Amino acid sequence: MFGGRFRPDGQSGAYDIFNDLWEFDFGTRQWTELHDGGGVAPPPRYYPMSGYDEETDTFYVYGGNLNSDPLTFIEGRDLWAYRNGSWEQLDDPTGNAPSRRLFFGSTWDPVRKKMIMFGGQPGDFVSQAFNDTYALSVETGEWERLQGSNNAPSTRMHAHLLYDDTRDYLCC
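First, a word on scope: everything that follows refers to the structure included in this document. A quick note: this is a predicted structure, and the numbers were derived from the prediction, not measured.

Section: the overall build of the chain
Line of reasoning, step 1. In terms of helices and strands, the chain carries 0 helices and 14 strands.
Line of reasoning, step 2. What you see in the chain, going N to C, is helices and strands ordered as β-β-β-β-β-β-β-β-β-β-β-β-β-β.
Line of reasoning, step 3. Radius of gyration (C-alpha) of the chain: 16 Å, near the 16 Å computed for a compact globule of 172 residues.
Line of reasoning, step 4. A principal-axis box enclosing the C-alpha atoms of the chain has dimensions of 45 × 40 × 30 Å.
Line of reasoning, step 5. Taking all 172 residues of the chain together, 41% fall into the buried category.
Line of reasoning, step 6. The contacts of the chain with a sequence gap of at least 6 include a subset with a gap of at least 24, amounting to 44%.

Have a look at this one:
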């Protein structure tokens, strides 16, 4: 688990936002903090895109909301990798990038080593949500638009995605 936000029940105003990294062991049913967010680490954020590459034991984080104000959004467009107990900021992604957005659905494609993004919204509470699909290669740092036609799910925010590596399908 990386990042997130918290505000005590019954309070209003700014959230506390986090950049700590945790793992859960199903065998022992215990959480372990891998990184406390200090030193070299991504800035605190919530709603980022992330993926875990099992072959290289690397966890990736891209974007998310960097602002603690619940009515103002600051979108991150940075890419980070956590491996061997430390964070490294990778080069800014290039290529055919999606427009600025938050509240997207995302998943990890282990076959192509890409983080997949669907939909989202600019974070202004007014604009129409998106229904486009993009992939960010963690090997090249390059964005690519995936869909080639207008046949896609309707626009949406907060979608949940799943990559099915048996059929090589993206489900949402």
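Anyway, onward from the coordinates.
With respect to the side chain of Arg-45
Line of reasoning, step 1. Mapped onto the fold, Arg-45 is located in the loop between β3 (30–35) and β4 (49–53).
Line of reasoning, step 2. Under the relative-accessibility criterion, Arg-45 is labelled buried at 0%.
Line of reasoning, step 3. One polar contact links the side chain of Arg-45 to the main-chain carbonyl oxygen of Gly-63, over a distance of 2.7 Å.
Line of reasoning, step 4. Residues in contact with Arg-45, not counting those within four places in the same chain, are Phe-2, Gly-3, Gly-4, Ile-17, Phe-18, Val-61, Tyr-62, Gly-63, Asn-65, Leu-66, Asp-78 and Trp-80.

Observations concerning a nonpolar patch on the surface
Line of reasoning, step 1. Residues Met-1, Phe-24, Phe-26 and Trp-31 make up a contiguous nonpolar surface patch of about 500 Å² in total accessible area.
Line of reasoning, step 2. Here Trp-31 shows up in strand β3.

So, the pairing of strand β7 (residues 86–89)
Line of reasoning, step 1. Pairing of strand β6 (residues 75–83) with β7 involves 4 bridges; the strand directions are antiparallel. By the bridge assignment, Tyr-82 is partnered in β7 with Trp-87.
Line of reasoning, step 2. Here β6 folds back onto β7, and the loop between the two strands holds 2 residues, one of which, Asn-84, carries a positive phi near 50 degrees.

Let's talk about the pattern of salt bridges
Line of reasoning, step 1. With the rule as written, the count across this model stands at 11 salt bridges.
Line of reasoning, step 2. Here Glu-75 ties to Arg-77 by a salt bridge, and the two come within 3.1 Å at their closest N and O atoms.
Line of reasoning, step 3. On the basis of relative accessibility, which here comes to 26%, the residue Arg-77 falls in the partly exposed class.
Line of reasoning, step 4. What emerges from the salt-bridge pattern is a single network uniting Asp-53, Glu-55 and Lys-113.

Thoughts on the layout of surface pockets
Over the atoms rolls a probe the size of a water molecule, and its path tells where empty space is left.
Line of reasoning, step 1. In this structure, the largest pocket spans a volume of roughly 200 Å³.
Line of reasoning, step 2. When residues of the lining of the largest pocket are traced back to their parent elements, those giving at least two are β2 (16–25) and β5 (58–65).
Line of reasoning, step 3. When grouped by side-chain class, the residues that make up the lining of the largest pocket number 7 nonpolar, 1 polar and 2 charged.

Quick notes on empty space enclosed by the protein
Line of reasoning, step 1. Throughout the structure, instances matching the rule amount to 1 cavity of 30 Å³ or more.
Line of reasoning, step 2. In this structure, the largest cavity spans a volume of roughly 40 Å³.
Line of reasoning, step 3. Around the largest cavity, the lining residues are Tyr-62, Gly-63, Gly-64, Glu-75, Gly-76, Arg-77, Pro-98, Ser-99, Arg-101, Phe-104 and Met-117.
Line of reasoning, step 4. Elements supplying a minimum of two residues to the lining of the largest cavity: β5 and β6.
Line of reasoning, step 5. Classifying every residue of the lining of the largest cavity gives 4 nonpolar, 4 polar and 3 charged.

Concerning the nonpolar core
Soluble globular proteins: nonpolar side chains tend toward being buried together.
Line of reasoning, step 1. By size, the foremost hydrophobic cluster in this structure holds 14 residues, and its most contacted members are Met-49, Tyr-60, Tyr-62, Met-115, Leu-136 and Trp-143.
Line of reasoning, step 2. For this core, the elements supplying multiple residues, two or more each, are β5, β6, β10 (114–118) and β11 (133–137).
Line of reasoning, step 3. What Met-115 contacts, discounting residues up to four positions off in sequence, is Met-49, Ser-50, Gly-51, Tyr-60, Tyr-62, Leu-79, Thr-107, Trp-108, Tyr-134, Ala-135, Leu-136 and Val-138.
Line of reasoning, step 4. Within the second largest apolar cluster, 8 residues are counted, among which are Leu-21, Ala-41, Trp-80 and Trp-87.

Rules of the game
- Residue numbers run consecutively from 1 along every chain, following the written order of its sequence.
- Local features in this predicted model are restricted to residues whose pLDDT is 70 or higher, and side-chain atom pairs enter the listing and the counts only when it is 80 or higher, whereas totals over whole chains, interfaces and linings include all residues.
- Working from all heavy atoms in the structure, the side-chain values ignore hydrogens and water.
- Strands are runs of DSSP state E lasting at least 2 residues, helices are runs of H or I lasting at least 4, and numbering of each runs from the N terminus.
- Only C-alpha atoms enter the radius of gyration, while the globule expectation follows 2.2 Å times N to the 0.38, with N the number of residues.
- Exposure classes here rest on a 1.4 Å probe applied to the protein chains alone. A residue is buried below 20% of its type maximum, exposed above 50%, and partly exposed in between.
- Pairs of residues are marked as contacts when any of their non-hydrogen atoms sit within 4.5 Å.
- Think of a polar contact as two N or O atoms within 3.5 Å of one another; within protein, one of them needs to be a possible hydrogen donor and the other a possible acceptor, and neighboring residues in sequence only count if both atoms come from side chains.
- Patches here: salt-bridge-free residues with over 30% relative accessible area, like charges joined within 9 Å, nonpolar side chains (Val, Leu, Ile, Met, Phe, Trp, Tyr) joined within 5 Å.
- Note on areas: Shrake-Rupley with a 1.4 Å probe; residue coverage comes only from the protein chains shown.
- Every case where a carboxyl oxygen of Asp or Glu lies within 4 Å of a side-chain nitrogen of Lys or Arg is listed as a salt bridge.
- A pair of strands is labelled paired if DSSP reports no fewer than 2 bridges between them.
- Both site types are read off a 1 Å grid over the protein atoms alone. A 1.4 Å probe that fits but cannot get out defines a cavity, while an open set with protein on both sides within 12 Å along at least five of seven lines defines a pocket; lining residues have an atom within 4 Å of a point.
- Grid points are joined across faces, edges and corners, and a volume is the space filled by probe spheres set on the points.
- Asp, Glu, Lys and Arg are counted as charged, while Ala, Val, Leu, Ile, Met, Phe, Trp, Tyr, Cys and Pro are counted as nonpolar; the rest, among them Gly, fall into the polar class.
- What is meant by a nonpolar core is a set of buried Ala, Val, Leu, Ile, Met, Phe, Trp, Tyr and Cys residues, joined one to another through side-chain atoms within 4.5 Å.

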